[in-house]
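Next come the chains, spelled out residue by residue.
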Amino acid sequence: DSASRVVAAGLDQPVSGLDVDAFERMSRTQSQHDAGVADAVAAAAERLVGVVMLGGSVRSSGFAQAIGRSFMDLPVAFGETLADRWGEQVVAIFGHLGIKPVPVRLLLDRSATMPASGSLPGLTAVSVERDPQDFRGTAGVLHDISGDYAEDDYLLVANAIQVPLVTLGELFAQLAATRSDVCVVSHSDDTPGGFMLVRYAALHEVKPVGFVDMKEQALPQIARSHRVSVLECAAPTGAPCRFPDQYVRAVRVLARLRAGHDHSADPFAEDWQRTFALVEEQAQVDSTATIHDSIVLAGGRVERDAVVVRSVVCPGGVVKRGGQALDSFVAPKGVETRGDGA
């Protein structure tokens with residue numbers, strides 16, 4: 001970092017005003033650093049053996065019950081599902097790194113609904129699997145599925161129930177550049193990241209039985225004998241969508257990005273103008289209804305003069321004539337909606 005600052009400062013000054021020898025030494029140091037980073041990224045890319053997408057949860061939710069499908073089949077834009085988004089992004093990883101495609105594994109807990117297609121669009125080497133054991137936690141699951149990997153093999157691990165917002169090939173390069181056995185993504189606003197790069201040797205430290213959380217339990221243990229680091233990103237790398245309020249925000253962020261805007265979540269931002277209105281073809285929405293930054297899933301119904309704002313109307317859910325749904329999710333009777341956010 002100091003070398004890059006010196007070089008940048010030198011560009012604003014006459015060379016005669018600098019210690020030329022010191023400048024050249026700094027330049028060589030920076031070049032060597034850049035070459036070392038490139039070598040580290042290339043080595044990790046060569047040993048990348050899989051992309052693991054974690055789609056399970058410890059317990060089911062009212063929202064999961066209400067949508068009646070896999071989270072991977074939820075629309076995130078017109079004609080595009082979460083699975084479509086992931087397929088596009090994962091394919092781009094291999095092109096960015098210049099490597100052959102590696103297996104992609106989508107792991108679900110034993111109660112989760114399977115995706116309709118059973119795969120990710122655009123990817124042929126995809127397996128959709130159930131977690132080998134119940135209640136193992138992230139670290140436990142990674143330990144359980146990694147038996148056939150070599151010590152220096154790498155896994156790119158992602159939370160599947162999020163909309164990826166960055167170029168994943170570039171994110172991989174940033175993770176690999178840390179030369180860590182485990183590198184996890186964090187964000188400048190202290191929100192957790194949904195990505196990590198893991199060298200298989202580090203998973204030896206994970207207990208073979210019982211629940212083992214990655215961040216609170218496994219990482220402190222792994223750090224005793226392996227290099228663990230955190231990659232702090234200024235902007236969110238993904239937008240989670242496991243709960244209704246998260247889902248609405250994720251679709252809104254993606255719509256803003258595609259419209260050429262940033263995806264900052266400024267609490268004082270003016271958002272009275274509609275960013276999106278996502279209505280599936282099999283939904284029933286009266287032409288007089290107002291749909292503002294909301295999703296109406298197939299089987300949902302919004303009647304005459306109704307207003308839906310920052311909400312999700314689930315299959316069987318009805319917003320009656322003249323009614324309002326504000327920061328909520330509308331589900332059929334009998335589905336528990338408390339505790340799932342808006």
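These numbers were taken from a predicted model, which means no experiment stands behind them.

Caption draft 1: Structural context of the packing of aromatic side chains. Overall, the coordinates contain five aromatic pairs when judged by the stated rule. Pairing F63 with F329 gives two aromatic rings, centres 5.5 Å apart and planes at 75°, and the pair type is edge-to-face. Of this pair, F63 sits in helix α3 (residues 62–67) while F329 sits in strand β21 (residues 329–330); the two residues are 266 residues apart in sequence, bridging distant segments of the chain. For the pair F63 and F329, one class covers both residues: buried. On the basis of an interplanar angle of 75° and a centroid distance of 6.4 Å, the ring pair of Y149 and Y200 is categorised as edge-to-face. On the criterion of sequence distance, the pair formed by Y149 in the loop between α5 (137–145) and β6 (154–159) and Y200 in the loop between β9 (192–199) and α7 (214–222) is long-range, its members being 51 residues apart. An identical accessibility class is assigned to Y149 and Y200; each is buried. Among the aromatic side chains, those forming a connected cluster through ring pairs are F63, F71, Y247 and F329. In this arrangement the basic side chain of R242 is found over the ring face of F71, its NZ or CZ atom lying 5.9 Å from the centre.

Caption draft 2: Expanded view of the sheet that holds strand β19 (residues 318–319). Reading across from one edge, β13-β16-β19 is the order of the three strands in this open sheet, with parallel pairing throughout. Unpaired on one side and paired on the other, β13 (284–285) and β19 mark the two borders of the sheet. With two bridges joining them, strand β16 (residues 301–302) and β19 adopt parallel strand pairing. Bridged to R301 within β19 is V318.

Caption draft 3: Fine view of the nonpolar core. M53, M72, W86, F172, Y247, I295 and V312 are the most contacted members of the largest nonpolar core, which has 64 residues in total. The element contributing the most residues to this core is helix α4 (residues 82–97), with seven residues. Leaving out residues up to four positions away in the same chain, Y247 has contacts with F63, L74, P75, P240, C241, I295, L297 and V312. L54, I145, A202 and A218 belong to the second largest nonpolar core, which has 23 residues in total.

Caption draft 4: Molecular detail of the packing of α4 against helix α6 (residues 168–176). In the contact formed by α4 and α6, the axes pass within 7 Å of each other and the chain directions differ by 55°. Classed by the angle they form, the pair α4 and α6 counts as oblique. From α4, W86, Q89, I93, H96 and L97 reach across to α6, where they touch L168, G169, E170 and F172. A per-class count over the contact of α4 with α6 returns five nonpolar, three polar and one charged.

Caption draft 5: A look at the environment of D305. With respect to the helices and strands, D305 occurs in the loop between β16 and β17 (307–309). Distance in space between the C-alpha atoms of D305 and A289 is 4.6 Å, their sequence separation being 16 residues. Once residues lying within four places of it in the same chain are set aside, the contact partners of D305 are T288, A289, G322 and G323.

Caption draft 6: View of the layout of surface pockets. Put simply, the second largest pocket is a space of about 160 Å³. Forming the walls of the second largest pocket are D73, P75, A77, F78, G79, E80, T81, L278, V279, E280, E281 and Q282. Counting residues per element, the ones that place at least two in the lining of the second largest pocket are β2 (75–77), β3 (80–81) and β12 (277–279). Within the lining of the second largest pocket, the residues separate by chemical class into five nonpolar, three polar and four charged.

Caption draft 7: Broad picture of the sheet that holds β17. Spatial ordering of the open sheet is given by β14-β17-β20, a layout of three strands whose pairing is parallel. Looking at strand neighbours, the two that pair on one side only are β14 (290–292) and β20 (324–326), the edges of this open sheet. Taken over all neighbouring pairs, the strand axes of this sheet differ in orientation by 5° on average, direction set aside. As judged from the three bridges shared by β17 and β20, these two strands associate in the parallel manner. Pairing of V309 across the sheet is with L326, part of β20.

Caption draft 8: Quick look at the pattern of salt bridges. Considering all chains together, one arrives at twelve salt bridges under this definition. For the salt bridge of R310 with D327, the shortest nitrogen-to-oxygen distance reads 2.7 Å. Linking R310 in the loop between β17 and β18 (312–313) with D327 in the loop between β20 and β21, this pair joins segments that are 17 residues apart in sequence. Owing to a relative accessible area of 37%, D327 belongs among the partly exposed residues under this scheme. Each member of the salt-bridge network shares a partner with another, and the members are D152, D181 and R199.

Scoring rules and cut-offs
Residues numbered from 1 in each chain as written. Predicted model: local features only at pLDDT ≥ 70, side-chain atom pairs only at ≥ 80, totals over all residues. Heavy atoms only, no water. Phe/Tyr/Trp six-rings, centres within 6.5 Å; stacked < 30°, edge-to-face > 60°. Helix = DSSP H or I, 4+ residues; strand = E, 2+ residues; numbered from the N terminus. Buried < 20%, exposed > 50% of the residue type's maximum accessible area, 1.4 Å probe, protein only. Lys NZ or Arg CZ within 6 Å of the ring centre and 35° of its normal. Pairing = 2+ DSSP bridges. Core = buried A, V, L, I, M, F, W, Y, C linked by side-chain atoms within 4.5 Å. Contact = heavy atoms within 4.5 Å. Axes fitted to C-alpha atoms, helices over the stretch in contact; angles between N-to-C directions. Parallel < 35°, antiparallel > 145°, perpendicular 65-115°, else oblique. Nonpolar A, V, L, I, M, F, W, Y, C, P; charged D, E, K, R; others polar. 1 Å grid on protein atoms, 1.4 Å probe; cavity = no way out; pocket = protein on both sides within 12 Å on 5 of 7 lines; lining within 4 Å. Points joined across faces, edges and corners; volume = space filled by probe spheres on them. Salt bridge = Lys/Arg side-chain N within 4 Å of Asp/Glu carboxyl O.

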